[in-house]
Amino acid sequence: MPVAAYLHLSIGQIQLSSADFYNALFNYNDSETGQLLVREFRFPRLVMAIVAGSSLAIAGMLMQTLFNNPLAGPYVLGINSGASLAVALGTLSGISFFSSNFGLIGLALIGALVFGFIVLGFSLFVRNSLSLLLVGIMIGSFTSAITSLLQTISSADSLKVFTIWGMGSLQQVELSQLGIITLFFIIGLFLSFFLIKPLNALVLGENASLLLGIPVKNLRVIIIIITALLAGLVTAFCGPIAFVGLAIPNLCKMLFKTQQHLVLLLGNILLGALFLISCDILVQGLEPFILVPINVITSIVGAPFVIFIILKRLA
Amino acid sequence: MIRFNKAQIGYQQPLLFIDQMELNAGHIYVLIGANGKGKTTLLKSINGLQDLVSGEIELDKKLTSTLNHRDLSNLVAFVSSKFDGIEHLKVYDYIALGRTPYTNLFGRLSAQDHVQVSRAIKTLGIDYLSDKLTTEISDGERQLCAIARALAQETPIITLDEPTAFLDYANRVKVLTMLKTLAFEHQKCIVLSSHDIDICLEMNLPVLYIDLTSNQLIQTNKTCKSTLLQNCFGI
Amino acid sequence: MKWKSFSWFFSLLITVACGSDLNVKKESQKEGKIIEFAEHFELIQDSGFVRLHILDAENKTIKFKAVLAKKAPTSLPKEYVFIQTPVKRMIALSSTHIGMLSKLEGINSVVGVSNKNYIDNKELLERTKSGKAIELGDEGMIPMESIVRSKAELIVFSDFGNPFPHAAQLSKLGFTILPNVDWREEQPLGKAEWIKLYGYLIGKEKESTEIFNSIKEKYLELKQEMKAVNKRPSVISGNLIGDIWYAPNGKSYNAQLISDAGGEYVYAKTEGTGSIMRSMEQILSENGSTKFWINPGFKSANEINSYNAKLKLVPAFQNNHVYCYSARMNYFWEMSAVEPHLVLEDLILIFHPEKAKKKTFNFYSRIN
């Protein structure tokens, strides 16, 4: 069934195109307009939607289990803020190279890496995960403030580039970059599978996990690395994409009614990808009428859902 | 099973002293003392979560200072005073988490693991709870589940921190009786802290108490309530 | 709108044919409207003074009224500000302002600029170096004290809808703040006509009218020539920002230039104000046979490529028919508004090289 869902959705994307002369040309790679569009536009977009959706959902799941908090998302450690800050510095400096596709990706990656290390460093000194969560949130606030400052002193053009980056996009990725993206995605995914057992124990709390033989400190480090890798990857190539990482892990828990992380992991991979693909189908469908950034769709769907979770918890 | 050698228990400053003491398998020991005297810290030290200020503790002839968390998880299991239940987690699965030190890379339960879990459930008499969610049962029932999990962990030593604190009278008696039987029948060394002095004395459980003045941990098998209250609480 | 410009066009043909000198005297002395093409400002000759109206970008209501005269009139009409001419000290925050002043040889009246990195005019750069003109910073962030220090009489800023910061306090201090709405002009000659505003401000009314008329003549001549051309090559303008391609709409300034130069703008039929937006997919499917791509905003093909690899799929790019004014950006931003005939010459050179009289570019270059 998941396979069928995937296939269906990917074909659905092509059929939703505004013009009507595209056949299902997945396998041919000549340079006819229709095939060109599939190869250069649709296919990277689809792959990116799958990778981004899954990555963010997995990262969100890791964060929520680590901090035992359903409101934690992949950006809660402040890694995303690091990427934003780097992009802000680059675009607002006015040097045109930094506003290019390559420049933006490079900047975001560097920002995510640097902040990933900072957070990692903190995690080694901090006593428990709650403290780490607070540190992450503070880092996030701090970098946001600096980014705001940069925005006030920038020119209108640079500001526009930065703002648009902040709205997220699945379309900036190029065919040639898909190789690397998929590689790191698979690495992150692979590593996550090894975390299933420790994560299962972690729901009992950190002390209980320790007493069950789980090396909690090491676990924290690996979780941070995987989260930084996956969330950083997505932010680098797509800009910050909202709500997927927050809403999908919660949805999985509610749907599958389990704390067994094997199920949750697979669920998040699947649902994350499906969700983002669906949102992007909406974006594509609306194209003839209005051009909407992906974040708008994910937020419009995601925000009410998060409110729903909160209310349900209180009940 | 547990041996203390000139142990000073505490964080930076010692809270309590144990000169020489040995606790054996097949027995249950009740830790009694005034608040803040170091009961929880002592249990943490036995669990290996807290370093000693000085001295040694040996678990099954191995020094705690040389054991890593994996080794400790094979030797000691811990039950805290309250288990609030976890969303979406079934009782059986919760107890099965006690098998974590033995399961494979992905946490898959082997046939042997299932046997142990079932055994623990049977021993605690909580068959009827097996399929329920941990959030759906009562506090008392949850405590029993927590103990079952510790039992499923198949460790020679089990420590419990005020396991009866939130239970009603009937459940308190039930739990303490169960633990006493457990210790004997399964040859475990069980150490628990408690404020249920009356029940413990009635059941003739060995007592480890913290002397109010000397901060020494003293073992006694037969004592009367008034002496105990005098030495422990100064009343 | 089309009718208006046509009727003006015909009446102008007649007046031009009668000889320009005579008409200049007539226009500047007779009472009534001085402005022919511009739609966002008015100069009205009254007895003894000139009234200036600046019109709002969107709804064309009068948002600024001033009386220009050598001496303050005895009674100032209601809501009018008095500007004493000639203005000797101005803060010029728009590139177009600088360009127009340079044509009038009035750069020596500039005492404040925004950012010298955006200035091409050598005389003005000298003034900033010697301190005669102060660098004030980006429009949103100009400290009030800097303005006071400049001792300007008049501040001219590009009005995109937001009021000038600290406007109320600056007025109290005696500064006059003049909104520049030339950016909104859709007719190339309308935009160029703003030179008259500056001419009247700095006491060079006659010169500004002469210069404008000469430009007007040349422009209309070229336009008329291109009208006769039948084969019009297709042209796309604009570029991607993020995922969205922004192109001028069919009625805009750029669209008019393309059309006047004998090109066929692909989106000529679009309506509305502001840019039109397209996704990259739409751009590719709608511009499969578009011959020229102008104004991408980049200097080289490499830049275009690295900015976004999908841009190299545009056929006009693959055929090396991309042109832009990027070789001297600041120069273009300063001078193109007041010299639309030169822009037109460039576009004609691109679209119909066989018809161009001059074979070199004024502003544009091919992007390689």
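Described below are features of the structure shown in this document.

What counts, and where the lines are drawn
- Note that residues are indexed from 1 along each chain, following the sequence as it is written.
- Labels follow written order: the first chain is A, the first ligand is 1, and so on.
- The predicted origin of the model limits local features to residues at a pLDDT of at least 70 and limits the giving and counting of side-chain atom pairs to 80 or more, whereas totals for whole chains, interfaces and linings rest on all residues.
- Helix and strand definitions follow DSSP, with helices as H or I runs of at least four residues and strands as E runs of at least two, each counted in order from the N terminus.
- Here the globule rule reads 2.2 Å times residues to the power 0.38, and the radius of gyration is calculated from C-alpha atoms.
- Whether a residue is buried, exposed or partly exposed follows from its count of other C-beta atoms within 10 Å of its own C-beta, namely 20 or more, 12 or fewer, or something in between, respectively; the C-beta atoms are built from the backbone.
- We call two residues in contact when the distance between their C-beta atoms, placed using the backbone, is within 7 Å.
- Two strands form a pair only when DSSP identifies at least two bridges running between them.
- Axes, fitted as lines to C-alpha atoms, cover a helix only where it is in contact. Angles between the N-to-C directions of the axes lie from 0 to 180 degrees.
- For classification purposes, angles smaller than 35 degrees are called roughly parallel, those larger than 145 roughly antiparallel, those between 65 and 115 roughly perpendicular, and all remaining angles oblique.
- The hand of a helix crossing depends on one turn: near helix anticlockwise from the far one by less than a right angle means left-handed, and clockwise means right-handed.
- Side-chain classes follow a simple rule in which Ala, Val, Leu, Ile, Met, Phe, Trp, Tyr, Cys and Pro form the nonpolar group, Asp, Glu, Lys and Arg form the charged group, and the remainder, Gly included, forms the polar group.

The subject of this paragraph is the overall build of chain B. Looking only at helices and strands, chain B has eight helices and 10 strands in total. For 235 residues, the compact-globule estimate of 2.2 N^0.38 gives 18 Å, and the C-alpha radius of gyration of chain B, at 18 Å, lies within 12% of that figure. Dimensions along the principal axes, computed over C-alpha positions, put chain B at roughly 50 × 40 × 30 Å. A buried classification covers 43% of the 235 residues belonging to chain B. For chain B, restricting intrachain contacts to residue pairs at least 6 apart in sequence, the fraction spanning at least 24 positions comes to 69%.

Residue and element names in this part refer to chain C. Of the strand pairs in this sheet, strand β2 (residues 41-45) and strand β3 (residues 50-55) are connected by five bridges, and their pairing is antiparallel. Across the sheet, F41 pairs through a bridge with I54, a residue of β3. In this sheet, strand β4 (residues 62-69) lies alongside β3 in antiparallel orientation, the contact comprising six bridges. Looking at the pairing, V50 lines up with L68 of β4.

Time to look at the sheet that holds strand β16 (residues 292-294) of chain C. Hydrogen bonding along the main chain pairs the strands of a sheet, whether they run parallel or antiparallel. All names here are of chain C. Pairing is mixed across the open sheet formed by five strands, whose spatial order is β14-β11-β16-β17-β18. Among the strands making up the open sheet, the edge pair consists of β14 (264-265) and β18 (365-366). Sheet topology note: the strand β11 (residues 234-237)/β14 ladder contains two bridges and is parallel. Residue V235 lies in a different strand from β14, and its bridge partner there is Y265.

The next thing to look at is the packing of helix α3 (residues 79-92) of chain A against helix α5 (residues 129-152) of chain A. Residue and element names in this part refer to chain A. Direction vectors running N to C along α3 and α5 enclose 15°, while the axes themselves pass 9 Å from each other. With respect to their mutual orientation, α3 and α5 come out roughly parallel. Crossing of α3 against α5: the hand is left-handed. Between α3 and α5, the residues in contact are S81, G82, S84, L85, A88, L89 and L92 and I139, G140, T143, S144, I146, T147, L150 and Q151, respectively. Tallied by class, residues from the contact of α3 with α5 come to seven nonpolar, eight polar and no charged.

The protein chains that touch form two pairs of chains, and the pair with the most contacts between them is chains A and B. Note that chain B does not reach chain C: the shortest distance linking a C-alpha of one to a C-alpha of the other is 42 Å.

Between chain B and chain A, the contact holds 16 residues from the first and 19 residues from the second. The element best represented in the side of chain B that touches chain A is helix α2 (residues 69-75) of chain B, accounting for three residues.

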